[in-house]
Amino acid sequence: MCGIVGYIGKRNCSDVLMDGLEKLEYRGYDSAGIAVFEKDLIRTIKTRGKLQAMQEKLANEGKPIGHCGIGHTRWATHGEPSDVNSHPHSNGRVTIVHNGIIENYSELKDFLTERGYTFASQTDSEVAACLLDYYYAERNPLKAITETMRELRGSFALGILFRDFPDRVYAVRKSSPLIVGVGENESFIASDIPAFLKFTKKFVLLDDDEIVCMDENGQHFYNGHGLPLEKEVQIAEWDVEQAQKGGFPHYMLKEIHEQPEAVKKTLDAYISNGVPDFEAVGLTDELLRDVKRVFVVGCGTAMYAGIVARYVIERLARVPVTVEVASEFRYMDPIMGKDDLVIVISQSGETADTKAGLELAKSRGVRTLAIVNVKYSAIARGADMCIHTPAGPEISVCCTKAYSVQIAVLYLIAFRFAYAHGQIDENVMKRLTEQLCGAPKSIENVIVQNDECQYIASQLVNVDTLFYIGRGLDYALSLEGSLKLKEITYIHSEAYAAGELKHGPISLIEPNIPVIAVATQRDVLAKTVSNMEEVKARGARIIAVCRKETEFAEGMVDMRLDFDSDLDDLFAPLPAVCALQMIAYYTSVLRGIDPDKPRNLAKSVTTE
Ligand code: F6R
């Protein structure tokens, strides 16, 4: 949801800003812009379109030459993607970039209009620029920012230049991520660490309502009243290579290929003496024993990881699990109490609805556990307990490796839960853990099947619609597979519990329509096969995702993607989801779409 950057130092500011924006393009890519002080004057260049369009504009017009500036890559909320709605926005003596949504922008606009301000764009962001200018009456930037903060409702991370201070970048945040990079005689702001990782690994987390002023002497922090603050400098664990494509044509393919290592690292982090161990994060057996019911809350793929968790925790621990879409959960007034545990799952740790779900649970006094890939994120910091998944930065908009590490952690939690509730003994817990440790190898066997996946993709490339079906864990996988495909190929696809077909959706089956049957669970295989027969009888083309040894009646399956695995069926989601990701990836590429930047989407949905 929009990426913002800012820089002051000795380097060419335009280059640093563009480099940072490239790393943040996953957050939005419908327009981009930079504003840089050229001596005492701010020069702004911005355009509609991806960063490539911005590069071209800079080449045509000449990039601003200076050492202090701000930049933005946009995911439109208010006002269509256009040159005029692109950031940075200037009004009066102030130029800003903004990530977030200013909820009361309409009333503020009226207030400012009455005082003679006019607006060039349809954005909520320009209102913030005007308001800053309005409160800049005493030519005191800090005062202007603190007064403005008091008026703005909603979420915002702002990078700010004041015309009178050509050697300063200011920034402030509330409910939108903003990190300050601490270099040698240079300073950065960014929505996410990869934007400045190439230059420094040192960073400071800005908390809500905090302000930073960066000048030639470094970074100066203030609270919402403008009083100085001491902030801790931290060192990022991610490195530059992790945030680059590393020879792959797309981040998505790279991230699919990182899954064996990411899952292994995750398991190593939370297994000791052959069993799951979450003592370090406070998830003890005593606590788990007390838990009578679990809510899993997340959005999109993270929520689908929760559906896998439901099957696994309920099956092993016999503890009821409810999975909720975070945007519903936050408004549904859920019945929860002190015997419950709310698990929030989020790759980015910044998703607005998931964060609100977490806050709701906390406000009701319910214990909260976050499973998060970004260690320093708001959700990671807000939950009572946090399990960090060490998958490294996930840059492709489409979530892949984060899902795998989320479910790896959820399996471990399920084993420990089952043990704490007396459903399994230590030996069984050890055996299950050992089995799970075989998952990285099974994933490796799947992700080398490029030819098979490309062939299946070639059969899907021109279809308008398709279906995913499965039962039990295969249904959970179908939901995720269908989301992956629709998100990056724009092909309409639906996932159904295979047994539901007869209750309506089967009327949509026509000759040649593809149906991807996820058939990894042997306890329900015969039933899934019956449902495959039903669609086959109506002319569907069936693509099976299954084990190598699974046999189907002759002619029933048109294509298949096998995985060769000794894993128990319980863990089949790990290799099987990689097969579904690969099918979606290659179909997207064959359709000429950039899978890393699908239309209308952005990673890290920090607005409601
Ligand atoms: C799908 C996808 C989204 C995210 C969802 C939650 O490929 O990427 O559905 O899973 O927006 O994001 P996080 O996990 O960052 O909370």
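Quick note: structure is the one above.
Predicted, not measured: the structure shown is a model, and the values here were computed from it.

Parameters at a glance
- Residues numbered from 1 in each chain as written.
- Predicted model: local features only at pLDDT ≥ 70, side-chain atom pairs only at ≥ 80, totals over all residues.
- Heavy atoms only, no water.
- Helix = DSSP H or I, 4+ residues; strand = E, 2+ residues; numbered from the N terminus.
- Expected span 1.5 Å × (residues − 1).
- Buried < 20%, exposed > 50% of the residue type's maximum accessible area, 1.4 Å probe, protein only.
- Contact = heavy atoms within 4.5 Å.
- Axes fitted to C-alpha atoms, helices over the stretch in contact; angles between N-to-C directions.
- Parallel < 35°, antiparallel > 145°, perpendicular 65-115°, else oblique.
- Left-handed = near helix turned anticlockwise from the far one by under 90°.
- Nonpolar A, V, L, I, M, F, W, Y, C, P; charged D, E, K, R; others polar.
- Near = heavy atom within 4 Å.
- Polar contact = N/O pair within 3.5 Å; in protein donor to acceptor, adjacent residues only side chain to side chain.
- Areas by Shrake-Rupley, 256 points an atom, 1.4 Å probe, with all protein chains shown as cover.
- Pairing = 2+ DSSP bridges.
- Salt bridge = Lys/Arg side-chain N within 4 Å of Asp/Glu carboxyl O.
- Core = buried A, V, L, I, M, F, W, Y, C linked by side-chain atoms within 4.5 Å.
- Lys, Arg positive; Asp, Glu negative; His and termini not counted.
- Right-handed = clockwise from strand over helix to strand, strands pointing away.

Next up on the list: helix α18 (residues 525-536). Its 12 residues give α18 an end-to-end C-alpha distance of 16 Å, which sits within 8% of 16 Å, the value for a rise of 1.5 Å per residue. Turning to α18, its buried residues number three or more, namely L525, T528, V529, N531, M532, E534 and V535. As for α18, its buried residues are in contact with β23 (465-470), β25 (514-519) and β26 (541-547).

This part takes up the packing of helix α13 (residues 401-420) against helix α19 (residues 573-590). Where α13 meets α19, the axes come as close as 10 Å, and the angle between the chain directions of the two elements is 165°. If you check the angle between α13 and α19, you find them roughly antiparallel. Considering the relative orientation of α13 and α19, their crossing is right-handed. Residues Y403, S404, I407 and Y411 of α13 pack against P573, L574, V577 and Q581 of α19. Residues of the contact of α13 with α19, tallied by class, amount to 6 nonpolar, 2 polar and no charged.

Contacts to the ligand come from 14 residues, most closely from S346, Q347, S348, T351 and E487. The side chain of S348 places a nitrogen or oxygen atom 2.7 Å from an oxygen atom of the ligand. Measuring from an oxygen atom of the ligand, one finds a backbone N or O atom of V397 at 3.2 Å. Within the complex, the protein chains bury 88% of what would otherwise be the 410 Å² of accessible surface of the ligand. Looking at the shell around the ligand, the elements with two or more residues in it are α9 (300-317) and α17 (473-489). Its residues assigned to classes, the shell around the ligand comprises 6 nonpolar, 6 polar and 2 charged.

Further remarks concern the packing of α17 against α19. Packing of α17 against α19 leaves a shortest axis separation of 9 Å and a crossing angle of 20°. As the angle between them shows, α17 and α19 are arranged roughly parallel. Judged by the sense of rotation from one axis to the other, the crossing of α17 with α19 is right-handed. Counted together, L473, L477, E480, G481, K484, L485, I488 and T489 of α17 and P573, A576, V577, L580, Q581, A584, Y585, T587 and S588 of α19 form the full contact between these two elements.

Right, let's talk about the sheet that holds strand β5 (residues 89-91) for a bit. Sheet strands line up and pair through hydrogen bonds in the backbone, either parallel or antiparallel. Strand order in the open sheet formed by 7 strands is β5-β6-β7-β8-β12-β13-β14, and the pairing between neighbours is antiparallel. Edge positions in the open sheet fall to β5 and β14 (228-229), since each of these has one partner strand only. Pairing analysis gives 5 bridges linking strand β12 (residues 210-215) to strand β13 (residues 218-222), with the strands arranged antiparallel. When the bridges of β13 are listed, M214 appears paired with Q219.

Quick look at helix α7 (residues 259-270) now. Helical geometry note: an α-helix holds 3.6 residues per turn, so side chains three or four residues apart project in the same direction. With 12 residues, α7 ought to run about 16 Å at 1.5 Å a step, and its terminal C-alpha atoms sit 17 Å apart, in line with that. Looking at α7, one finds that the buried residues are Q259, P260, A262, V263, T266, L267 and Y270.

What follows covers the pattern of salt bridges. What the rule picks out here adds up to 34 salt bridges. For D290, the salt bridge is made with R367, and the minimal N-O distance between the two is 3.9 Å. Residue D290 is located in helix α8 (residues 285-290), and its partner R367 is located in strand β21 (residues 367-372); the two are separated by 77 residues in the primary sequence. A residue is classified by how much of its surface remains accessible, and R367, at 18% relative accessible area, is buried. The partner of R560 in a salt bridge is D562, with the nearest N and O atoms 2.7 Å apart. The partly exposed category is assigned to R560, whose relative accessible area is 30%.

Let's shift gears to the nonpolar core. In terms of nonpolar packing, the biggest core is built from 101 residues, with L283, I387, Y403, Y411, I413, F415 and F417 touching the most fellow members. Counting residues per element, this core draws most heavily on α13, which supplies 15 residues. Once you skip the residues sitting within four places of it in the chain, I413 turns out to touch F278, L283, L369, I371 and I387. Counting residues in each nonpolar core, the second largest holds 35 residues, with Y7, A236, Y251 and Y376 among its members.

A few words now on the sheet that holds β25. Strand order in the open sheet formed by 5 strands is β24-β23-β25-β26-β27, with parallel pairing between adjacent strands. Edge positions in the sheet fall to β24 (492-497) and β27 (559-563), since each of these pairs with one other strand and no more. Taking the axes of each pair of neighbouring strands and ignoring which way they run, one obtains an average angle of 15° across the sheet. In this structure, β26 lies alongside β27, joined through 5 bridges in parallel fashion.

Cis geometry marks the peptide bond from H87 to P88, where omega comes out at 0°. Note that P88 resides in the loop between β4 (68-74) and β5. The phi angle at K39 is positive, at roughly 55°, despite the residue not being glycine. Mapped onto the elements of the fold, K39 is located in the loop between β2 (31-38) and β3 (41-48).

The next thing to look at is the side chain of R541. Looking at the secondary structure, you find R541 in strand β26. Buried and unpaired, R541 has D558 as its nearest opposite-charge partner, separated by 6.3 Å. Other than its neighbours up to four places away in sequence, R541 contacts Q459, V463, N512, I513, P514, V515, D558 and M559.

Strand residues, when the strand is regular, have side chains that alternate between the two faces of the sheet. Within β21, 6 of the 6 residues are buried, which leaves it mostly tucked inside the rest of the structure. Of the two faces of β21, the one carrying R367, L369 and I371 and the one carrying T368, A370 and V372 are both buried. Once the chain exits strand β20 (residues 340-346) it traverses helix α11 (residues 352-363) before rejoining the sheet at β21, and the crossover so formed is right-handed. Note: β21 against strand β22 (residues 385-388), 4 bridges, orientation parallel. Directly across from A370, in β22, lies its bridge partner C386.

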